[in-house]
Structure formats: structure tokens, C-alpha cells
Amino acid sequence: MSTITTALGTDRARRLRAALTLLLATAVAVGAPFYFAPFQVFQLTMVLLYAVALAGLNLLVGFGGQISLGHGAFFAAGAYATAVMLDRYDTGHLATLPVAAAGCFLLGLGFGVPALRLRGLYLALVTLSFAVFLPPLLKRLEPVTGGSMGLTVDKLRPPAWSGMAEDQWMYFVVLAVTAVALLLARNLLRSRVGRALLAVRDNESAAEVMGVRLSLHKTLAFAWSALFAGVAGCLYTWVIGFVSPDSFSFVLSITLLAGLVVGGLASLYGPLLGGAFVMYVPSVSQDVSEAAPGVVFGLLIITVMLVAPTGLAGLPGRALGAIARRPPGTAALGRTPEAGSPPDARPESRPASERSATLPPADLSVVEAEPVGAPPRTEKE
């Protein structure tokens, strides 16, 4: 009974701690645009925007166990779908969001077909080729995409009743979409689809024996991942108001994957940390070295991976684990209560007198004394 009571108390404490953390994060997120400068609010908006794209990539790579180096292409597809609808057809901003999401979902379904037969480096190479050939294709479709010059569209304007500046209103819109996207990803992972993805990631043969359809769930992983990327691309067009093929080179796909790994694979909070990495680290690298920003960028990635191999999201857990593994009591002082020596000192390193003093007394009652000089006993005796 006491064990059950302890478990219930622990679960209640965990839920209370999670609720307090969520409340604090909500208060900070709501108050941020009223405290920071407009450019800093724009940077925070971009962090949330990239977090949506990384949440989709996390479903595919972190929970699905597949490798994708072409996520930037889905991001570009959502951005251009939004820009074309706003520029050519003069639709409202809100109407472009479901269209970009649905279009990228269908594109992900079609692109998920190669994932049925490929894996590992071969799948990564195919996805990378998609990210490489898309920008030249966008330049060729000049009547629709504007070619190399791109398209310029109106940004999302705040309504008069809000009383907010443009950057503040855009921040809250992106914040709302990001919260819905992260909640959707969380619920998806707790559903049958999410459990099937985890089974496929851990062991495909065992998952197939248990009745999981590998072809269906691998294709759905690409589709859901593309949907999140398309939503992020739509938000990008709302925030920036301009799209061009050069903004979506294959470097974007590699940067997104690096941001997810640094933020933390298979973590619900990893996309937020990865979005901050994607937004801030390239600009910091440019400030440190204008001649070779890529070198600084790579060194920062290596440093983070050495400090936090499981990503920034797993760093608090590693720190708490290290604290829990520390020896209790006097080990913190570096001395043992017996001899005043370090706890890791070996008995061989002590003097002979100390070693003999610490040995247990021998039990001499089982030894039969023999006279000095007596001949050795024989087996007959």
C-alpha cells in the first residue's frame, strides 16, 4: 500500500511540476514581444517558425528512424504555394495555410514511395537530390514563380482592434500555430501511428511480425513530416513577404537536420531548441568570422555534440544523472572516515603496518599446533 501511495505521490508531483513549467513558459512567451525590440521579436518569430519545420523532421528522423536531407524542399514548396496564391490569385492569408499543408502532405505521400525500398545513406542521397534540383526548377518556372527574381507579397497585417505593431501580431500568430503543431505532434506520437513509428524505428522485422504495415507507416512518416514543413514555409512567406529560389538551397536542408540533432532527436522540446540554433548560430558565426563563417558554424556544432551528445534537450537529464551518481556523505569532502585517505585509495598503496592493522584477525582455533622440528605427517598418520 505504501508503494502505491508513493507512486501516486510521485506522479502527482510530476504533473504539478509539468503544469508549473508550462505556466511559466506561457507567461514568458506572451510577455516577450512587449519587452524586446522589434528586430528581436522578429528573431523569436523565426525561431518558432523553424520549430514547426523541425517538429515534422523529428517525426521522420527522431521517431521514424529514417534519414532526410531534403526537408528544405518541402519547406520551399509550402512557401511558394503561399506566395503564388497571394500574388497570382489574391487570396487571403489564412486561406493559404490549409492549402500549403494539404499540398505538402500529398507531396510527402508521393515522395515516401522511395522510402519503401531505400534506407540509410541511399535514402539520404535521394532526399538530398530533391533539395538540389528544386531551386533550378523554380527558376525555370518563371511565369508562375517569378524566376530568379522571386515573388514579393504583402505581409500579414494586424487588425485595427488588436492595437499591436506588425511584428507583435505576427509573433502571436506564429506562436499559436507553433503551439498547435507541437500539440498535434505530441498527440500523434501517443496514437497508434506514433507507436507504430517507434516500432519500425527500433526493429522493422519485429514490427512486421506484430502486424505493423511497414509500407503504410513509412509513407505516412514522410507525409506528416512534409505537412509540418509546408506549414512552416507558409508562415515564412507571411513573415518575410518575399520568396526566391536562392533562399531554399540544399544548405537549408542540412542546417535543419543539424538543428534537430543539436536540439535533441526524439524529444518534444528538441525542435524549439533546434529552431533557436538554426536562427542564431549562423548569424553568430558570421559575426565571429566574416571570412569563414562555415568553419565557426562547424566548430560550434562539434562543441555542442561533445558537451551534450544527446542534444540540448537531454542536457538537464545528464546533469541530474551526474549529480545523482555522486557518492553521498563524506565522499563529497574527499575523505573516508577510517584512515583519512582518498576514497579511491587502494590497500596496496598503504604502508604494511596499516594494511596489517586493517586485516581481520585470523581464526587460529582451526589450526592444529605441531611441535617444532617434527617430521612431516604422512597420509597413513
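Quick caveat: nothing in here was measured; it's all calculated off a predicted structure.

**Overview of the packing of helix 11 (residues 250–263) against helix 12 (residues 270–288)**
Alright, step 1. Running from N to C, helix 11 and helix 12 cross one another at 130 degrees; their axes reach a closest spacing of 7 Å. In terms of orientation, helix 11 lies oblique with respect to helix 12. Both helix 11 and helix 12 take part in a crossing whose hand is right-handed. Residues Thr 255, Gly 259, Val 262 and Gly 263 of helix 11 touch helix 12, and the partners they reach there are Gly 270, Leu 273, Gly 274, Phe 277 and Val 278.
Alright, step 2. Tallied by class, residues from the contact of helix 11 with helix 12 come to four nonpolar, five polar and no charged.

**Brief notes about the packing of aromatic side chains**
Alright, step 1. For the structure shown, the criterion picks out 17 aromatic pairs.
Alright, step 2. With a centroid separation of 5.7 Å and 80 degrees between ring planes, the pair formed by Phe 105 and Trp 224 is classed as edge-to-face. With Phe 105 in helix 4 (residues 93–111) and Trp 224 in helix 10 (residues 214–240), the pair connects residues that are 119 residues apart, well separated along the chain.
Alright, step 3. Residue classification places Trp 224 among the partly exposed residues on the basis of a relative accessible area of 21%.

**Looking at the side chain of His 71**
Alright, step 1. In this fold, His 71 is placed in helix 3 (residues 71–88).
Alright, step 2. A polar side-chain atom of His 71 sits 3.3 Å from a polar atom in the side chain of Ser 225.
Alright, step 3. Contact partners of His 71, with chain neighbours within four places excluded, come to Ala 53, Gly 56, Leu 57, Ser 225, Ala 229, Ser 253 and Leu 256.

**With respect to helix 3**
Alright, step 1. Its 18 residues place the ends of helix 3 26 Å apart at the C-alpha level, agreeing with the 26 Å of an ideal helix rising 1.5 Å per residue.
Alright, step 2. Two residues or fewer past helix 3, Asp 90 is found with a positive phi of approximately 55 degrees.

**Details of the pattern of salt bridges**
Alright, step 1. Using the criterion set out here, one finds five salt bridges in the structure.
Alright, step 2. One salt bridge connects Arg 201 with Asp 202, and the closest N-O pair in it is separated by 3.2 Å.
Alright, step 3. Residue Asp 202 is classed as exposed on the basis of its relative accessible area of 58%.
Alright, step 4. The salt bridge partner of Glu 204 is Lys 218, with a shortest N-O separation of 3.1 Å. Of this pair, Glu 204 sits in helix 9 (residues 204–209) while Lys 218 sits in helix 10; the two residues are 14 residues apart in sequence, bridging distant segments of the chain.
Alright, step 5. Looking at Lys 218, the relative accessible area reads 6%, which means it is buried.

**Some thoughts on the confidence of the model for the protein**
Alright, step 1. Taken as a whole, the protein shows an average pLDDT of 81; of its residues, 82% reach a score of 70 or greater.
Alright, step 2. In this model residues 351–376 is a low-confidence stretch, pLDDT under 50, and it forms six contacts with partners more than four residues away in sequence or in other chains.

**Some thoughts on the side chain of Ser 68**
Alright, step 1. Structurally, the position occupied by Ser 68 is in the loop between helix 2 (38–62) and helix 3.
Alright, step 2. Judged by relative accessible area, which is 1%, Ser 68 ranks as buried.
Alright, step 3. Engagement of the side chain of Ser 68 in a polar contact is seen with the backbone nitrogen of Gly 70, the distance being 3.5 Å.
Alright, step 4. The contacts of Ser 68, once residues within four sequence positions are left out, are Leu 57, Leu 60, Val 61, Thr 127 and Leu 257.

Conventions adopted
Residues numbered from 1 in each chain as written. Predicted model: local features only at pLDDT ≥ 70, side-chain atom pairs only at ≥ 80, totals over all residues. Heavy atoms only, no water. Axes fitted to C-alpha atoms, helices over the stretch in contact; angles between N-to-C directions. Helix = DSSP H or I, 4+ residues; strand = E, 2+ residues; numbered from the N terminus. Parallel < 35°, antiparallel > 145°, perpendicular 65-115°, else oblique. Left-handed = near helix turned anticlockwise from the far one by under 90°. Contact = heavy atoms within 4.5 Å. Nonpolar A, V, L, I, M, F, W, Y, C, P; charged D, E, K, R; others polar. Phe/Tyr/Trp six-rings, centres within 6.5 Å; stacked < 30°, edge-to-face > 60°. Buried < 20%, exposed > 50% of the residue type's maximum accessible area, 1.4 Å probe, protein only. Polar contact = N/O pair within 3.5 Å; in protein donor to acceptor, adjacent residues only side chain to side chain. Expected span 1.5 Å × (residues − 1). Salt bridge = Lys/Arg side-chain N within 4 Å of Asp/Glu carboxyl O. pLDDT = per-residue confidence, 0-100.

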